[in-house]
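Each chain, written out:
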Amino acid sequence: RFLLEILGSLLVALLLLRAWMRSIGMPPRNPVAQFAFAMTNWLVGPLSRLFPARGRADWASMVAALLVTLLMVVLMRAVVGMPVPWDIALLEALRQLVIWGLNVIVWVTIIYVVIGWVNPHAPFAPAFEALLRPLLAPIRRVLPTVGGFDLSPMVLLIGVYVLLVFNRDLAAFDADGRRQ
């Protein structure tokens, strides 16, 4: 089950990252984009015929992320011998997709901060800056740098963790609104 979750979360993270890069208009020559595209083309390619991109929305990547998450939920439930009612599995897949999406934001933010400390001129540093710019810009307008330190990534991480806790607490209730 642990191995399934690791493999599934990594694949879904790459699919979400691919959709995120497309939504911000990241050039495909970027090393981060090339890696994400190379690792996910086998799945997104066929789906892009059914779900073509519209503007900056990469529907094939989003559908692939949902399908892989649904498959992971079904497989993880099957491994522990739980029944797989499709309505519950779909809701759980959507919840898990949100969790993995928020985790992608956490990891991109952490990598961005570490690169900023270690080597801000690394070839892939602009990719992480471009990914986080839409999320950090509103925070930076409100929160100025303090002593030369940009605290906006920390505020973003706190906000994401609040959403993760809210998601966890929301999952603690069953369909009738009772706490599990």
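All of these numbers come straight from a predicted model, not from anything done at the bench.

A. Region of the structure containing the overall build of the protein chain. From N to C terminus, the protein chain includes 6 helices and 0 strands. Along the chain direction, N to C, the helices and strands of the protein chain fall in the order α-α-α-α-α-α. If you line up the protein chain on its principal axes, its C-alpha atoms span 55 × 40 × 30 Å. Counting only residues that meet the buried cut, the protein chain has 37% of its 180 residues in that class. In the protein chain, of all internal contacts separated by at least 6 residues, the share reaching a separation of at least 24 is 58%. With an accessible surface of roughly 11,000 Å², the protein chain has 71% of that area assigned to carbon and sulfur atoms.

B. Local environment of a nonpolar patch on the surface. Taken together, Trp107, Ile110, Ile111, Val114, Trp117 and Val118 make up a surface patch of nonpolar side chains, about 660 Å² in accessible area. Tracing the backbone shows valine 114 in helix α4 (residues 86–118). Look at valine 114 and you get partly exposed, because its relative accessible area is 38%.

C. Spotlight on the packing of aromatic side chains. Per the counting criterion, the structure on display carries 1 aromatic pair. Measuring from ring centre to ring centre gives 6.2 Å for phenylalanine 124 and phenylalanine 128, while their planes differ by 80°; the resulting arrangement is edge-to-face. Of the residues examined, phenylalanine 124 reaches a relative accessible area of 35% and is grouped as partly exposed. The exposure class assigned to phenylalanine 128 is buried, which follows from its relative accessible area of 9%.

D. Main features of the packing of α4 against helix α6 (residues 152–171). Closest axis-to-axis distance for the α4/α6 pair is 10 Å, and the angle between their directions is 160°. Between α4 and α6, the angle is such that the two are roughly antiparallel. The two elements α4 and α6 meet at a crossing, and its hand is left-handed. Residues Arg95, Val98, Ile99, Leu102, Asn103, Ile105, Val106, Thr109, Ile110, Tyr112 and Val113 of α4 form the contact with α6, whose own contacting residues are Pro153, Leu156, Leu157, Val160, Tyr161, Leu163, Leu164, Asn167 and Ala171. A per-class count over the contact of α4 with α6 returns 16 nonpolar, 3 polar and 1 charged.

E. The arrangement of the packing of α4 against helix α5 (residues 125–142) in detail. One way to put it is that α4 packs onto α5 with a least axis distance of 10 Å and a crossing angle of 105°. With respect to each other, α4 and α5 are oriented roughly perpendicular. Where α4 abuts α5, its residues Ile105, Val108, Thr109, Ile111, Tyr112 and Ile115 lie against Ala125, Phe128, Glu129, Leu131, Leu132, Leu135, Leu136 and Arg140. Tallied by class, the residues present in the contact of α4 with α5 amount to 11 nonpolar, 1 polar and 2 charged.

F. Region of interest: the side chain of asparagine 167. Examined against the element boundaries, asparagine 167 turns out to sit in helix α6. Residue contacts for asparagine 167: discarding those within four places in its chain leaves Arg95, Val98 and Ile99.

G. Region of interest: the pattern of salt bridges. Across all of its chains, the model carries 6 salt bridges by this definition. With its nearest N and O atoms 3.8 Å apart, the salt bridge here joins glutamate 129 to arginine 133. With glutamate 129 and arginine 133 both in helix α5, this residue pair falls 4 residues apart, about one helical turn. When the shortest N-O distance is used, the salt bridge between aspartate 169 and arginine 168 registers 3.4 Å. For aspartate 169, a relative accessible area of 28% puts it in the partly exposed group. The exposure class assigned to arginine 168 is exposed, which follows from its relative accessible area of 53%. Among the ionic contacts, a cluster of salt bridges with common partners joins Glu129, Arg133, Arg140 and Asp150.

H. How the structure looks around the nonpolar core. In terms of nonpolar packing, the biggest core is built from 44 residues, with Leu15, Leu17, Trp20, Met21, Val108 and Leu131 touching the most fellow members. For this core, the secondary structure elements donating two or more residues are α1 (2–24), α2 (31–50), α3 (59–79), α4, α5 and α6. It is α4 that contributes the most residues to this core, 10 residues altogether. Discounting chain neighbours no more than four positions away, the residues touching leucine 15 are Thr40, Leu43, Val44, Ser61, Ala64, Ala65 and Val68.

The rules behind each value
Residues numbered from 1 in each chain as written. Predicted model: local features only at pLDDT ≥ 70, side-chain atom pairs only at ≥ 80, totals over all residues. Heavy atoms only, no water. Helix = DSSP H or I, 4+ residues; strand = E, 2+ residues; numbered from the N terminus. Buried < 20%, exposed > 50% of the residue type's maximum accessible area, 1.4 Å probe, protein only. Contact = heavy atoms within 4.5 Å. Areas by Shrake-Rupley, 256 points an atom, 1.4 Å probe, with all protein chains shown as cover. Patch = residues over 30% accessible without salt bridge, like charges linked within 9 Å, V, L, I, M, F, W, Y side chains within 5 Å. Salt bridge = Lys/Arg side-chain N within 4 Å of Asp/Glu carboxyl O. Phe/Tyr/Trp six-rings, centres within 6.5 Å; stacked < 30°, edge-to-face > 60°. Axes fitted to C-alpha atoms, helices over the stretch in contact; angles between N-to-C directions. Parallel < 35°, antiparallel > 145°, perpendicular 65-115°, else oblique. Left-handed = near helix turned anticlockwise from the far one by under 90°. Nonpolar A, V, L, I, M, F, W, Y, C, P; charged D, E, K, R; others polar. Core = buried A, V, L, I, M, F, W, Y, C linked by side-chain atoms within 4.5 Å.

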